[in-house]
Amino acid sequence: MLIVLLLLPLSVSAAVPAADAGTSPLWGLVQVMLALGLVLAVIVGAAWLFRRVSMGGMLGRWQPAKVVSGVMVGPHERVVIVELEGQWLVLGVTAKQVNLLTSMARPEGAASAASAPANTPPFAEWLAAALAKHRRPSSNDTP
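No experiment lies behind these values; they were computed from the predicted model shown.

Definitions and cut-offs
Residues numbered from 1 in each chain as written. Predicted model: local features only at pLDDT ≥ 70, side-chain atom pairs only at ≥ 80, totals over all residues. Heavy atoms only, no water. Helix = DSSP H or I, 4+ residues; strand = E, 2+ residues; numbered from the N terminus. Buried < 20%, exposed > 50% of the residue type's maximum accessible area, 1.4 Å probe, protein only. Areas by Shrake-Rupley, 256 points an atom, 1.4 Å probe, with all protein chains shown as cover. Pairing = 2+ DSSP bridges. Axes fitted to C-alpha atoms, helices over the stretch in contact; angles between N-to-C directions. Salt bridge = Lys/Arg side-chain N within 4 Å of Asp/Glu carboxyl O.

1. Quick notes on the overall build of the protein chain
Item 1. Of regular secondary structure, the protein chain possesses 5 helices and 4 strands.
Item 2. Along its sequence from the N terminus, the protein chain presents helices and strands in the succession α-α-α-β-β-β-β-α-α.
Item 3. Evaluated residue by residue, the protein chain yields a buried proportion of 6% over its 143 residues.
Item 4. Entry remark: accessible area of the protein chain is about 12200 Å², with carbon and sulfur atoms responsible for 68%.

2. Digging into the sheet that holds strand β1 (residues 65-72)
Item 1. Reading across from one edge, β1-β2-β3-β4 is the order of the 4 strands in this open sheet, with antiparallel pairing throughout. Only two strands of the sheet have a single neighbouring strand rather than two, namely β1 and β4 (98-105). Shown here is a sheet whose adjacent strand axes are inclined to one another by a mean of 20°, direction ignored.
Item 2. Here 7 bridges tie strand β3 (residues 87-93) to β4, and the two strands are oriented antiparallel to one another.

3. Side note on unusual backbone geometry
Item 1. One non-glycine residue, E85, lies in the positive phi region at around 50°.
Item 2. Mapped onto the elements, E85 comes out in the loop between β2 (78-84) and β3.

4. So, the pattern of salt bridges
Think of it this way: side chains of opposite charge can pair up when their charged atoms draw near.
Item 1. Counted by the stated rule, this structure contains 2 salt bridges.
Item 2. A salt bridge links K66 to E83, with the shortest nitrogen-to-oxygen separation between them at 4.0 Å. Of the two residues, K66 sits in strand β1 while E83 sits in strand β2, which places them 17 residues apart along the sequence.
Item 3. Accessibility expressed as a relative area gives 38% for K66, which makes it partly exposed.
Item 4. Given the relative accessible area of 11%, E83 is considered buried.
Item 5. Across the salt bridge formed by E83 and R106, the nearest N and O atoms sit 2.7 Å from each other. Note that E83 is positioned in strand β2 and R106 in the loop between β4 and α4 (110-115), a separation of 23 residues in sequence.
Item 6. Residue classification places R106 among the partly exposed residues on the basis of a relative accessible area of 36%.
Item 7. One network of salt bridges, in which partners are shared, links K66, E83 and R106.

Honestly, that's just the spatial picture; any functional story needs more than this.
Next up, the structure:
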């Protein structure tokens with residue numbers, strides 16, 4: 001409602017014909033750019049507010065289920081371990097269905113392993129290693 005009240009003077013001034021014939025076309029362009037910037041700011045603000053008020057934000061990011069691990073076993077099939085209230089559920093996931101394969105209590109040492117990030121090298125190191133391997137001359141490339 002506040003946004004409508006803020007935009008009301010702009011719409012009234014746009015509806016009234018210009019009494020001043022000497023207004024600059026540059027000023028009209030500036031007004032259009034400012035109005036566009038205001039509309040974009042309102043859209044971004046609404047998206048931010050929606051994300052903050054959505055279920056994850058309202059529940060304090062509490063999630064009853066957490067994916068611990070997963071591995072591809074086929075082109076469209078995965079085996080996934082999901083933690084739910086201290087239980088680990090081993091699920092077979094396909095494109096059309098999810099099957100419970102087994103369930104077990106969470107192992108004692110698994111709490112720190114599941115919360116710790118995977119030890120993967122940063123992208124820059126990976127890229128440098130891939131480029132070095134690609135640039136290495138092979139025995140067939142000798143002139």
